Amino acid sequence: MEKLILVIVEAAIELVPESIQDHPSVRAYAARRGKKPWEVLLDRSYHHSAMKRLPEAEKRGRPDITHFTLLEALGSPLNKLSLIEVYIQARSGHVIWVSPETRLPRVYERFKGLMEKLYQEPVVEAEGKTLLKLKEGTLAQLLGEIKPDLRILLSEKGELMRWSSFGKLITSAKKPVIMIGGFPHGDFHKSAHEMADKAVSLWPEPLEAWIVASRAISIIEHALEVGERISQGKHIKEN
Ligand SMILES: C[S@@+](CC[C@H](N)C(=O)[O-])C[C@H]1O[C@@H](n2cnc3c(N)ncnc32)[C@H](O)[C@@H]1O
């Protein structure tokens, strides 16, 4: 395996949609934060009553899922070895590239602030390096650009696999993509299933997205024997 690509699919990240910008809970929340209603992320913790009007409301308004999942992925030993790259396919119709060097805010409210800024200025840089980049795009377009040689959709409805077999499957590919749903309830749209070579389940019941991300990454680290190649605080990349 040269690099693992992790895509958070249909991530519940979007700015408050126009149809509910007038709702009192949305206006009050935006005013409290010194922003306009269309400048803030939809967040179920604050916009629950307004969200009742939205289609697919059960899948929306959960930026925390992406936040936790990113913290798991970016903090992993696999990322320290530059063996992982992460994309967010947001339900707003955007794809966000996250540099492996990005140090995300630990505090959720700050993470939301960063995402809101990204919707206004689609590139975040620090010390001359691009850390986050947002552009319009779909999952199909993203996969077309990445050109993976294996596309695995992680889903509780997929084929239940032993963890060791999953590790072998992923690490035997050169540039595998694993796709994890960034939404709280329900299933992927049909198109995501159609774009996958295989849907794999890692546990007989639904787990939270960040748990699935952390286990999948850990299984892949085991399959690559990452922990067996540590010597005096250093990691030996090749055998
Ligand atoms: C919270 S789940 C999505 C909602 C879930 N379908 C439900 O209704 O509770 C978030 C994502 O984690 C992944 N996932 C959850 N359970 C899984 C499992 N048992 N095996 C593999 N992936 C899983 C899938 O990618 C899923 O889209």
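Everything numeric in this text was worked out from a predicted model, so none of it was measured.

*Asks:* Can you break down the overall build of the protein residue by residue, with the values?
*Replies:* Helix and strand counts for the protein come out as nine helices and ten strands. Against the globule reference of 18 Å for 239 residues, the protein gives a C-alpha radius of gyration of 18 Å, in line with a compact fold. On the principal axes, the C-alpha backbone points of the protein span a range of 60 × 40 × 30 Å. Summarising the internal contacts of the protein: among those between residues at least 6 apart in sequence, 76% fall at separations of at least 24.

*Asks:* So, the pairing of strand β2 (residues 84-90): which residues are in play, and what are the values?
*Replies:* Most of β2 is tucked away: six of the seven residues are buried. Taken together, the six bridges between strand β1 (residues 4-11) and β2 define a ladder with parallel strand orientation. Following the sheet pairing, Ile 5 is matched in β2 by Glu 85. Bridge count for β2 against strand β3 (residues 94-98) is five bridges, and the pairing is antiparallel. Bridge pairing in β3 links Ala 90 to His 94. Here β2 hands over to β3 after three residues, with Gly 93 in that stretch at a positive phi of 95 degrees.

*Asks:* Lay out the domain arrangement of the protein in plain terms, naming residues and giving numbers.
*Replies:* The domain boundaries assigned to the protein delineate domain 1 (4-13 + 60-230) and domain 2 (18-57). Measuring from the centre of the C-alpha atoms in domain 1 to the corresponding centre in domain 2 gives 26 Å. If you look at the interface, domain 1 gives eight residues, while domain 2 gives eleven residues. With three residues, the single largest contributor to the side of domain 1 that touches domain 2 is helix α5 (residues 108-120).

*Asks:* Give a description of the nonpolar core that names residues and reports values.
*Replies:* Generally speaking, nonpolar side chains in soluble globular proteins are found buried as a group. Leu 6, Ile 152, Leu 154, Ile 178, Met 179, Ile 180 and Ala 213 are the most contacted members of the largest nonpolar core, which totals 56 residues. Take this core: its biggest share by element is eight residues, from helix α9 (residues 209-223). With near-sequence residues (within four places) excluded, Ile 180 lies in contact with Leu 6, Ile 8, Val 9, Thr 69, Leu 154, Ala 209, Val 212 and Ala 213.

*Asks:* For the sheet that holds strand β4 (residues 123-126), give the residues involved together with the corresponding values.
*Replies:* Here eight strands make up an open sheet; going across it, the order is β4-β5-β3-β2-β1-β7-β6-β8 and the pairing mixed. Each edge of the sheet is formed by a strand with only one pairing partner; in this case those strands are β4 and β8 (198-201). Ignoring which end each strand starts from, the neighbouring axes of this sheet average 25 degrees apart. Pairing analysis gives five bridges linking β1 to strand β7 (residues 176-181), with the strands arranged parallel. Following the sheet pairing, Ile 5 is matched in β7 by Val 177. Sitting on the sheet, helix α3 (residues 63-74) touches β1, β2, β3 and β7, and the angle it makes with β2 is about 170 degrees.

The rules behind the values
Residue positions within a chain follow its written sequence, with the count starting from 1. Only residues with pLDDT of at least 70 are given local features in this predicted model, and only at 80 or more are side-chain atom pairs given and counted; all residues enter the totals for whole chains, interfaces and linings. Helical segments are the DSSP runs of H or I of at least four residues, strand segments are the runs of E of at least two, and each set is numbered from the N terminus. Put simply, the radius of gyration uses C-alpha atoms, and a globule should come to 2.2 Å times the residue count raised to 0.38. We call two residues in contact if the C-beta atoms placed from their backbones are at most 7 Å apart. Remark: C-beta atoms are placed from the backbone, and a residue is labelled buried if 20 or more other C-beta atoms sit within 10 Å of its own, exposed if 12 or fewer do, or partly exposed between those counts. At least two DSSP bridges between two strands are required for those strands to pair. By convention here, the domain bounds are inherited from an automatic or database domain assignment. For the purposes of this analysis, a nonpolar core is taken to be any set of buried Ala, Val, Leu, Ile, Met, Phe, Trp, Tyr and Cys residues that are connected through C-beta atoms within 7 Å. Inter-axis angles, ranging from 0 to 180 degrees, are taken between N-to-C directions of lines fitted to C-alpha atoms, where helices are fitted over the stretch in contact.

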